[in-house]
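Single-letter residue listing:
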Amino acid sequence: PTIFFILVSFYFIKKFQKDNSKKSITICSISLAILFLIRPDNGLIIVPFFIMFIYDLRKKYRKIQNIIIFLIPLIISYFITKTIDVLNFGNDYWLKSSMATQMSTVSEFLINPFTGTYGLLFSPGFGLFIYAPILFTIFLGYSKFFSENKKDAIFFISVISTVLFF
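In short, a report on the structure.

Cut-off values and rules
Residues numbered from 1 in each chain as written. Predicted model: local features only at pLDDT ≥ 70, side-chain atom pairs only at ≥ 80, totals over all residues. Heavy atoms only, no water. Helix = DSSP H or I, 4+ residues; strand = E, 2+ residues; numbered from the N terminus. Buried < 20%, exposed > 50% of the residue type's maximum accessible area, 1.4 Å probe, protein only. Polar contact = N/O pair within 3.5 Å; in protein donor to acceptor, adjacent residues only side chain to side chain. Contact = heavy atoms within 4.5 Å. Salt bridge = Lys/Arg side-chain N within 4 Å of Asp/Glu carboxyl O. Expected span 1.5 Å × (residues − 1). Core = buried A, V, L, I, M, F, W, Y, C linked by side-chain atoms within 4.5 Å. Phe/Tyr/Trp six-rings, centres within 6.5 Å; stacked < 30°, edge-to-face > 60°.

What follows concerns the side chain of Thr81. Along the chain, Thr81 falls in helix α4 (residues 63-89). Take Thr81: its relative accessible area is 10%, and that puts it in the buried class. Only 2.9 Å separates the side chain of Thr81 from the backbone oxygen of Ser77, close enough to count as a polar contact. If near-sequence neighbours (up to four positions away) are discounted, Thr81 is found in contact with Phe36, Leu37 and Pro40.

Here is the structure:
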């Protein structure tokens, strides 16, 4: 379901770029909110979408209104996730200790960011290229895609690097 909601979000953010409709940005934001509710780690994927959204807003009118429309479902999903955590664990102490554990993991990542990347790509049990060898063709067609759609190509690189490195 993660890839589905990423693609739905990408489709509707591209549609928003063309037609500037509130409906498109609302569906994109709801899709990203559902993505966050599926797994809170997917919240990192929201960052490239938000940057792309803000970058496109500089040419449009009603900037504040569009930002509010984009952020409301995301904020609601954040509070739903935190409410579920508090109901499951009873207090915020667990959340704070979990954040301390995550911060130590982040500090380990900063020392060596490529720790799990090789396993994610090539391991026989979980490797991306082992289960989907057609992904090797990305390297053949990416240069043409980059030359024709630079902004989208940079966006896809940022989403893929977010998934691989975090």
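Taken as a whole and assessed by the stated rule, the structure comprises two salt bridges. Where Asp41 meets Arg39, a salt bridge forms, and the shortest distance between an N and an O atom there is 3.2 Å. In this structure, Lys151 and Asp56 form a salt bridge, with 2.8 Å as the shortest nitrogen-oxygen distance. Note that Lys151 is positioned in helix α9 (residues 150-165) and Asp56 in helix α3 (residues 43-57), a separation of 95 residues in sequence.

For α4, built from 27 residues, the straight-helix expectation of 39 Å at 1.5 Å per residue is met to within 8% by its first-to-last C-alpha distance of 39 Å. Within the span of α4, buried status applies to Asn66, Ile69, Phe70, Pro73, Leu74, Ser77, Thr81 and Asp85.

Attention now moves to the nonpolar core. Residues Ile13, Leu32, Phe49, Phe53 and Phe70 are the most contacted members of the largest nonpolar core, which totals 24 residues. Elements represented by at least two residues in this core include exactly α1 (2-19), α2 (22-38), α3, α4 and α9.

So, about the environment of Ile27. Of note, Ile27 is situated in helix α2. Sequence separation between Ile27 and Ile69 is 42 residues, and the spatial gap between their C-alpha atoms is 10.0 Å.

Once that is clear, we can look at the side chain of Ser31. Tracing the backbone shows Ser31 in helix α2. Judged by relative accessible area, Ser31 falls into the buried class, the value being 3%. With sequence-adjacent residues up to four places away left out, Ser31 is seen in contact with Phe5, Val8 and Ser9.

This part covers the packing of aromatic side chains. Centre distance and the angle of the planes are the two values used to describe a pair of aromatic rings. Tallied over the entire structure, the rule returns nine aromatic pairs. Plain terms: the ring middles of Phe10 and Phe155 are 5.5 Å apart, the flat faces sit at 15° to each other, and that makes the pair stacked. Of the two residues, Phe10 sits in helix α1 while Phe155 sits in helix α9, which places them 145 residues apart along the sequence. Relative accessible area serves as the criterion here: at 14%, Phe10 is assigned to the buried category. Classification of Phe155 as buried rests on a relative accessible area of 5%.

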